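Take a look at the letters that make up each chain.
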Amino acid sequence: MFGFFFQMFLLCAGAFLAGVVLTWLTMRSRETPAAPAAPLSILEEAPAVAPAIKANSRTMMFHTPESPYYKRMKGDAFFHSPEDARRAGYTMWTPRPRVPAPAEAPVAAS
């Protein structure tokens, strides 16, 4: 009985260690060496500018910062200018026209 327990223990311990080694090897290959620091002059010349235009690829509409929906819209496409968005096939947001309520027809007296 003790021999069977000992065999199972060694089998499980070996499987666990094999999993640890395989995981370590795959994670080690994903690590990238640190890039050398760039000189300050290069960093100062090209500041990163965040895209100002948010677009929705489902509706194919883009929103500028002037849009009332800009802050609450997440957007799945981003552009640096409205011209870029138009070239990609998106249309600019437009306010929805307010439709007045239909006037009730006068009831005919009988």
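Calculation criteria
- Residues numbered from 1 in each chain as written.
- Predicted model: local features only at pLDDT ≥ 70, side-chain atom pairs only at ≥ 80, totals over all residues.
- Heavy atoms only, no water.
- pLDDT = per-residue confidence, 0-100.
- Contact = heavy atoms within 4.5 Å.
- Core = buried A, V, L, I, M, F, W, Y, C linked by side-chain atoms within 4.5 Å.
- Buried < 20%, exposed > 50% of the residue type's maximum accessible area, 1.4 Å probe, protein only.
- Helix = DSSP H or I, 4+ residues; strand = E, 2+ residues; numbered from the N terminus.
- Patch = residues over 30% accessible without salt bridge, like charges linked within 9 Å, V, L, I, M, F, W, Y side chains within 5 Å.
- Areas by Shrake-Rupley, 256 points an atom, 1.4 Å probe, with all protein chains shown as cover.
- Salt bridge = Lys/Arg side-chain N within 4 Å of Asp/Glu carboxyl O.

**Student:** Looking at this model, I keep getting lost on the confidence of the model for the protein. Mind explaining?
**Tutor:** Detail in the predicted coordinates should be disregarded across regions flagged by low pLDDT. Mean pLDDT for the protein: 79, with 76% of residues reaching 70 or above. Contacts for the low-pLDDT stretch residues 39–43, under 50 throughout, to residues beyond four places or in other chains number 1 contact.

**Student:** So what exactly am I meant to see when it comes to the nonpolar core here?
**Tutor:** Looking at soluble globular proteins, one finds that nonpolar side chains tend to be buried together. Counting 7 residues, the largest nonpolar core consists of Ile53, Ala55, Phe62, Ala77, Phe79, Ala85 and Tyr90. Secondary structure elements with two or more residues in this core: β1 (53–56) and β3 (77–79). Dropping the residues within four chain positions of it, phenylalanine 62 is found in contact with Ile53, Lys54, Ala55, Pro82, Ala85, Arg86, Tyr90, Thr91, Met92 and Trp93.

**Student:** How should a nonpolar patch on the surface be read in this particular structure?
**Tutor:** On the surface, Phe2, Phe5, Phe6, Phe9 and Leu10 cluster together to form a nonpolar patch covering roughly 600 Å² of accessible area. Tracing the backbone shows phenylalanine 6 in helix α1 (residues 2–30). Judged by its relative accessible area of 43%, phenylalanine 6 is partly exposed.

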